[in-house]
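# Observations on the model geometry
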Amino acid sequence: MQLLEKLWDETTPIHLRQIQTVEIMRLTWVHQYFVERGKVRLRPAKDLPPAGQRFDSPYDPEAHYANKRTTTWVGYKVHLTESCDENQMHLITNVLTTHAHLADVDQTEKVHKALKLKDLLPSEHIVDSAYVDSELLVTSQSRYEVTLIGPTRPNSSWQAKPLKHMI
């Protein structure tokens with residue numbers, strides 16, 4: 001914070017503020033911290049910009065915060081596809097790296113496109129629940145002739161909850 005204050009002092013040459021790494025550092029501080037009564041404070045989660053719009057690391061502006069169940073990190077996600085035919089060697093057939101905050105379910109179609117280009121589409125693609133939704137169950141078959149197999153997530157919306165009887 002002291003460095004940023006010095007950079008924005010009126011006696012500091014303006015061109016120093018225009019250096020890209022200085023701007024990234026400034027935005028990282030704006031996104032992550034605030035000053036209260038002369039003390040630097042970490043912003044509470046509710047006051048942070050959305051994960052895909054904020055700088056979480058001044059060292060890698062493309063690295064974003066993510067969480068999956070109880071695991072949290074700043075970085076990227078890697079989506080691996082592996083062959084798993086019985087009595088065959090298991091091989092990684094596709095690697096897709098994305099920003100960490102992007103939903104896994106939005107990567108399934110991209111994986112299928114990449115596998116098709118390599119002529120490696122499986123007839124059955126077994127995935128975990130993060131890569132399945134009702135639309136993908138249909139489009140994977142119609143577009144790629146791939147049977148997508150995986151548990152769908154339960155519908156947790158208020159509409160799916162049982163009605164409570166009024167007394």
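Please read all numbers here as calculations on a predicted model, not as lab measurements.

### Details of the packing of aromatic side chains
Evaluation of the coordinates by the stated rule reveals one aromatic pair. Ring centres 4.4 Å apart and planes at 35 degrees place the aromatic pair Trp29 and Tyr33 in the tilted group. Classification of Tyr33 as partly exposed rests on a relative accessible area of 29%.

### Let's talk about a nonpolar patch on the surface
A cluster of nonpolar residues, Val78, Leu80, Ile92 and Val95, forms a patch on the protein surface that exposes about 400 Å² of accessible area. Among the elements of the structure, β4 (71-82) and β5 (92-99) are those that each provide at least two residues to the nonpolar patch.

### A look at unusual backbone geometry
Non-glycine residue Arg37 carries a positive phi angle of around 50 degrees. Following the sequence through the fold, Arg37 ends up in the loop between β1 (33-36) and β2 (39-42). Despite not being glycine, Glu145 has its phi angle at roughly 55 degrees, a positive value. Considering the arrangement of structural elements, one finds Glu145 in the loop between α4 (134-144) and β7 (147-149).

### With respect to the nonpolar core
Residues Val105, Val127, Ala130, Tyr131, Val132, Leu136 and Leu148 constitute the largest nonpolar core, which totals seven residues. Discounting residues that sit within four places of it in the chain, Val127 has contacts with Val132, Leu148, Ile149, Gly150 and Pro151.

Cut-off values and rules
Residues numbered from 1 in each chain as written. Predicted model: local features only at pLDDT ≥ 70, side-chain atom pairs only at ≥ 80, totals over all residues. Heavy atoms only, no water. Phe/Tyr/Trp six-rings, centres within 6.5 Å; stacked < 30°, edge-to-face > 60°. Buried < 20%, exposed > 50% of the residue type's maximum accessible area, 1.4 Å probe, protein only. Patch = residues over 30% accessible without salt bridge, like charges linked within 9 Å, V, L, I, M, F, W, Y side chains within 5 Å. Areas by Shrake-Rupley, 256 points an atom, 1.4 Å probe, with all protein chains shown as cover. Salt bridge = Lys/Arg side-chain N within 4 Å of Asp/Glu carboxyl O. Helix = DSSP H or I, 4+ residues; strand = E, 2+ residues; numbered from the N terminus. Core = buried A, V, L, I, M, F, W, Y, C linked by side-chain atoms within 4.5 Å. Contact = heavy atoms within 4.5 Å.

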